[in-house]
Amino acid sequence: MSFRLAAYAVCVEGGRVLLARHVSATGDSTWTLPGGRVEHAEDPFDAVIREVGEETGCDAVVERLLGVDSRVVPAAERAVPGGPEHQNVGVFYQVRITGGRLRPEPDGEIAESVWTPIPDVAGLRRSSLVDIGLTLARTLPATGHVAPVTVGGLIRH
């Protein structure tokens, strides 16, 4: 099984959420939260700020820890055929944008970042990370845990 630790930014402002459009090597496009892999010896708190800057061009501050999600992606559902089962542990933070200007990720997989009205999210092809992050931000569970999101239809791993 492969494993990844990642940090994700949930930026909600004025009824909108900041989403990033990820374009895979095959050209498939999926909306997700800004964020990504925590590098070796990096604190997830620092990683989320770095990832927001790299992917969106914006400066940000962490306001609070929202929660942690762990999910296993079966080998048959992975984007890379023939790869092993994969576990992703995501640390979700409530983040506030403090400056900068939205732009595509230079030499990266994020084609654009957009402030999206929350009601419009349901109609987007998106990563399950979006639903997890919005649920954590809306409910602020004391345990920092939400039920797994069912993948299918417009929702992807």
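Source: prediction; values computed, not measured.

K.L.:
Just to check I follow, could you spell out the nonpolar core for this structure?
P.N.:
For soluble globular proteins, nonpolar side chains are generally found buried alongside one another. Core analysis: the biggest nonpolar cluster contains 16 residues, and L19, L33 and F92 have the highest contact counts within it. With 5 residues, the single largest contributor to this core is helix 3 (residues 128–139). In this structure L33 touches Y8, A9, V10, V17, L18, L19, E55, F92, L129, V130 and G133, once residues within four positions along its chain are discounted. One finds A7, A47, V48 and Y93 within the second-largest nonpolar core, a separate group that totals 15 residues.

K.L.:
It is not clear to me how the packing of aromatic side chains should be interpreted in this structure. Could you clarify?
P.N.:
One pair of aromatic rings is described through two measures. These are the centre distance and the angle between the planes. Per the stated rule, a full pass over the model turns up 2 aromatic pairs. Relative to F92, the ring of Y8 has its centre 5.3 Å away and its plane inclined at 35°; by these criteria the two rings are tilted. Pair noted here: Y8 is in strand 1 (residues 2–10) and F92 is in strand 7 (residues 86–100), with a separation of 84 residues, a long-range link. Exposure class is identical for Y8 and F92. Each is buried. Geometrically, the ring pair formed by F45 and Y93 is edge-to-face, given 6.0 Å between the ring centres and 90° between the ring planes. Placement of F45 in helix 1 (residues 44–56) and of Y93 in strand 7 is noted, with a sequence separation of 48 residues between them. The class of Y93 is buried, set by a relative accessible area of 8%.

K.L.:
Explain the environment of A142 here, please?
P.N.:
Mapped onto the secondary structure, A142 falls in the loop between helix 3 and strand 10 (155–156). Judged by its relative accessible area of 91%, A142 is exposed. With 76 residues separating them in the primary sequence, A142 and L66 have C-alpha atoms 9.1 Å apart.

K.L.:
Explanation requested: the pairing of strand 1 in the structure shown.
P.N.:
Within a regular beta strand, the side chains point alternately toward one face of the sheet and then the other, so they alternate between its two faces. Pairing of strand 1 with strand 7 involves 9 bridges; the strand directions are parallel. Note on strand 7: the bridge partner recorded for A9 is Y93. As judged from the 3 bridges shared by strand 1 and strand 5 (residues 35–37), these two strands associate in the antiparallel manner. Considered in strand 5, the bridge of A6 is made with R37.

K.L.:
Before we go on, may I ask you to explain the sheet that holds strand 7 in this structure?
P.N.:
Strand pairing in a sheet relies on backbone hydrogen bonds. The paired strands run either parallel or antiparallel. Strand order in the open sheet formed by 4 strands is 5-1-7-6, with mixed pairing between adjacent strands. The two strands at the open ends of the sheet, each matched to only one other strand, are strand 5 and strand 6 (58–73). Looking at each pair of strands side by side, their axes are set apart by 20° on average, direction ignored. Taken strand by strand, helix 1 contacts strand 1, strand 5, strand 6 and strand 7, and its axis lies near 105° from that of strand 6. Where helix 3 meets the sheet, it contacts strand 1, strand 6 and strand 7, and its direction lies at approximately 115° from that of strand 6.

K.L.:
I tried to follow unusual backbone geometry on my own but got confused; where do I start?
P.N.:
Of all residues except glycine, most have a negative phi; of all peptide bonds, most are trans. The residue A41 is not glycine, and still its phi comes out positive at about 70°. By the secondary structure assignment, A41 is in the loop between strand 5 and helix 1. Look at D107: it is not a glycine, yet its phi comes out positive at around 55°. Relative to the helices and strands, D107 is located in the loop between strand 7 and strand 8 (110–117).

Thresholds applied
Residues numbered from 1 in each chain as written. Predicted model: local features only at pLDDT ≥ 70, side-chain atom pairs only at ≥ 80, totals over all residues. Heavy atoms only, no water. Core = buried A, V, L, I, M, F, W, Y, C linked by side-chain atoms within 4.5 Å. Buried < 20%, exposed > 50% of the residue type's maximum accessible area, 1.4 Å probe, protein only. Helix = DSSP H or I, 4+ residues; strand = E, 2+ residues; numbered from the N terminus. Contact = heavy atoms within 4.5 Å. Phe/Tyr/Trp six-rings, centres within 6.5 Å; stacked < 30°, edge-to-face > 60°. Pairing = 2+ DSSP bridges. Axes fitted to C-alpha atoms, helices over the stretch in contact; angles between N-to-C directions.

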